[in-house]
Amino acid sequence: QWYLASELRDRIRTSGVEINILDRQARAEFLVEPRQFSGRVLHQLGSPSTDHGEIYTEIYLAEQSAENKIGLYRSGTRVLEDIAQLASCSGPPWNSGYFQGILDAPFLNLTPGTRLGVIQDEAFAAFCQGLGPMQEELAALLEEQKKAEQEQTNRQTLRSIQRAFREALLALPEEE
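The shown structure was predicted, so the numbers you read here are calculated from the model rather than taken from an experiment. (Residues numbered from 1 in each chain as written. Predicted model: local features only at pLDDT ≥ 70, side-chain atom pairs only at ≥ 80, totals over all residues. Heavy atoms only, no water.)

The topology assignment puts Thr-77 in strand 6 (residues 77-80). The residues touching Thr-77, leaving out its near neighbours within four places in the chain, are Glu-7, Leu-8, Arg-11, Leu-72 and Arg-115. (Helix = DSSP H or I, 4+ residues; strand = E, 2+ residues; numbered from the N terminus. Contact = heavy atoms within 4.5 Å.)

On the secondary structure map, Met-134 appears in helix 3 (residues 122-171). Judged by its relative accessible area of 2%, Met-134 is buried. The sequence separation of Met-134 and Gly-71 amounts to 63 residues, and the corresponding C-alpha distance is 15 Å. With near-sequence residues (within four places) excluded, Met-134 lies in contact with Leu-45, Pro-48, Thr-57, Ile-59, Trp-94 and Leu-103. (Buried < 20%, exposed > 50% of the residue type's maximum accessible area, 1.4 Å probe, protein only.)

We now examine helix 3. Over its 50 residues, helix 3 runs 72 Å from end to end, which matches the ideal 74 Å to within 8%, given 1.5 Å per residue. At Gly-132, helix 3 shows its maximal bend, which comes to roughly 40°, and the proline Pro-133 appears one to four places after that position. Within helix 3, the full set of buried residues consists of Ala-123, Phe-124, Ala-126, Phe-127, Gly-130, Leu-131, Met-134, Leu-138, Leu-141 and Leu-142. Those residues of helix 3 hidden inside the fold are in contact with strand 4 (56-61), strand 5 (70-74) and strand 7 (99-104). (Expected span 1.5 Å × (residues − 1). Bend = angle between axes of the 7 residues up to and from the residue.)

Bringing the confidence of the model for the chain into the picture now. The predicted model of the chain averages 86 in pLDDT, with 99% of residues at 70 or higher. Between the elements of the chain, mean pLDDT differs from a low of 76, seen in helix 1 (residues 2-7), to a high of 91, seen in strand 7. (pLDDT = per-residue confidence, 0-100.)

Printed below as a string of structure tokens:
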């Protein structure tokens, strides 16, 4: 159920098909629902365009976690669970753990015999080039997010120090 929900996420959503798994041994029925992402959707990114076609993007900014990954899809079917597995996308912001979502490029060519890889040809080069501006925007958003988290941590530290001083002043004897 979870595998199909993640592997065929967009195909299930766009076709409107309902998939039920009937497990006779466990006497249970499971409905396959497309995977939902958490966090704040980043509408301002748009869809990068290349000479080979458009790259559909659906990226969310969430709290940092090792489970947050951006998957690479081709025509609605997952090719790679984490785009950071590609050498050209192995650095920040792709591996930061703050972003989750999908990049769907229907023009990519998959490795023969398995669909768990991309042939690094001119279509792939166009894909990487098309991601350049988005990578810069994501890096800027990542810096803003880190600054906001740091400011939040500083405010919390200041509050706890102020609280500790208040408690210490109340604990002092009156003549001091």
